[in-house]
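Here is what each chain is made of, one letter per residue.
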Amino acid sequence: MIIASNFKTNHTRASTKDFLETLKAVGTTCEVRVFPPATALDCFALPAHIKVGVQNFYPAQSGSFTGEIGAEQVEEFEIESVLIGHSERRHLLKESTELVRQKYAFARAKDWEIIYCIGEPKEVREAGFDAVRAYVEEQLVGIDVRYERLIVAYEPVWAIGTGLSASLEQIQETHQYIKTRLNAPLLYGGSVNVENIGAIVGLEECDGVLVGSASWKKEAFVRMLEAVKTAH
Ligand code: PEP
């Protein structure tokens, strides 16, 4: 089971360190991933099951890309886990499909672990499951889904940061479809919290979760890890 926390634009360098120190003391069989803001990255001494990754990077070793971090900066911290395709980057930050594909190809060539996020906006979900399938299918175009360090996160846009998680039926139906297209571990993301995590990770096709807001308090994240343990 993979349990990932996306800090987004939250936490400082000091609080990230404190969060990770707390996690180190937690007994879990989960693979844990934490994505702090770039300013909080460091060479953390962590047990093998906890890895820090980057929320974003520019697909270049280094160069003139003002405001971005490239592989040189990522590798300084021995980081090799990256988020690509998160809906906030696609929609709020206007990251194009072309850039998403370039980032994917770059990370793959680097042999980094990729958590590739896909998921439909509200109007597509409302148009029915055929539309959801077509939308997700489009997000897989130009993506090597056989890459062995790929993890896919199904994150419906309308469920992210809204407090409105997809229903278990919606998650399962979409996961079942995605599993017909690829063999990578498959996560769910979208308003996962301490109360619903147990049922979500209990779904047959679900290999874990990517959590935003409900994971930012270290006590809550620890409770989620405990809830996963109880559910399995
Ligand atoms: C996310 O950032 O990937 C996410 C799922 O956020 P939240 O849990 O806040 O919906």
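Look up a bit, the structure's there.
Please read these numbers as outputs of a predicted model, since none were measured by experiment.

*Asks:* In this structure, what is going on with empty space enclosed by the protein? I would like to understand it.
*Replies:* To find leftover empty space, one rolls a probe the size of a water molecule over the atoms. In total, this model carries 1 cavity of 30 Å³ or more according to the counting rule given. Roughly 50 Å³ of volume is contained in the largest cavity. Surrounding the largest cavity, G85, H86, S87, R90, H91, C117, I118, G119, Q139, E155 and V157 form its lining. Those elements giving two or more residues to the lining of the largest cavity turn out to be helix 3 (87-92) and strand 5 (113-118).

*Asks:* Looking at this structure, I do not really get unusual backbone geometry. What am I missing?
*Replies:* The bulk of non-glycine residues show a negative phi, and the bulk of peptide bonds are trans. Positive phi values are uncommon outside glycine, yet K8 reaches one of about 55°. On the secondary structure map, K8 appears in the loop between strand 1 (2-6) and helix 1 (13-24). Residue classification places K8 among the buried positions, given a relative accessible area of 14%. Backbone geometry at E78 places phi at a positive 55°, although glycine is not the residue there.

*Asks:* Explain the site of the ligand to me, please; I cannot follow it from the model alone.
*Replies:* As a matter of local geometry, the ligand sits amid 14 residues, with K8, E155, G161, G212 and S213 nearest to it. Here an oxygen atom of the ligand and a side-chain polar atom of N6 are 3.2 Å apart. With respect to the ligand, the side chain of H86 contributes an N or O atom lying 2.9 Å from an oxygen atom.

*Asks:* Looking at this structure, how should I read the packing of helix 6 (residues 129-139) against helix 7 (residues 168-181)?
*Replies:* The relative placement of two packed helices comes down to the angle between their axes together with the axis-to-axis distance. It is at 11 Å that the axes of helix 6 and helix 7 come closest, and there the two elements cross at 40°. In terms of axis orientation, helix 6 runs oblique to helix 7. As for the relative orientation of helix 6 and helix 7, their crossing is right-handed in sense. For the pair helix 6 and helix 7, the contacting residues are F129, V132, R133, V136 and E137 in the first and E173, T174, Y177, I178 and R181 in the second. Across the contact of helix 6 with helix 7, the residue classes tally to 5 nonpolar, 1 polar and 4 charged.

*Asks:* Would you take a moment to explain helix 4 (residues 97-110) for this structure?
*Replies:* Residues separated by three or four positions in an α-helix point in the same direction, a consequence of the helix having 3.6 residues per turn. Compared with the 20 Å implied by 1.5 Å per residue over 14 residues, the 20 Å span of helix 4 between its first and last C-alpha is a close match. Residues of helix 4 that are buried include every one of V100, K103, Y104, F106 and A107, and no others. Seen end-on, helix 4 carries its buried residues on one side only, within an arc spanning 165°. Just beyond helix 4, the residue with positive phi is D111, at close to 65°.

Parameters and conventions
- Residues numbered from 1 in each chain as written.
- Predicted model: local features only at pLDDT ≥ 70, side-chain atom pairs only at ≥ 80, totals over all residues.
- Heavy atoms only, no water.
- 1 Å grid on protein atoms, 1.4 Å probe; cavity = no way out; pocket = protein on both sides within 12 Å on 5 of 7 lines; lining within 4 Å.
- Points joined across faces, edges and corners; volume = space filled by probe spheres on them.
- Helix = DSSP H or I, 4+ residues; strand = E, 2+ residues; numbered from the N terminus.
- Buried < 20%, exposed > 50% of the residue type's maximum accessible area, 1.4 Å probe, protein only.
- Near = heavy atom within 4 Å.
- Polar contact = N/O pair within 3.5 Å; in protein donor to acceptor, adjacent residues only side chain to side chain.
- Axes fitted to C-alpha atoms, helices over the stretch in contact; angles between N-to-C directions.
- Parallel < 35°, antiparallel > 145°, perpendicular 65-115°, else oblique.
- Left-handed = near helix turned anticlockwise from the far one by under 90°.
- Contact = heavy atoms within 4.5 Å.
- Nonpolar A, V, L, I, M, F, W, Y, C, P; charged D, E, K, R; others polar.
- Expected span 1.5 Å × (residues − 1).
- Arc of directions from axis to C-beta.

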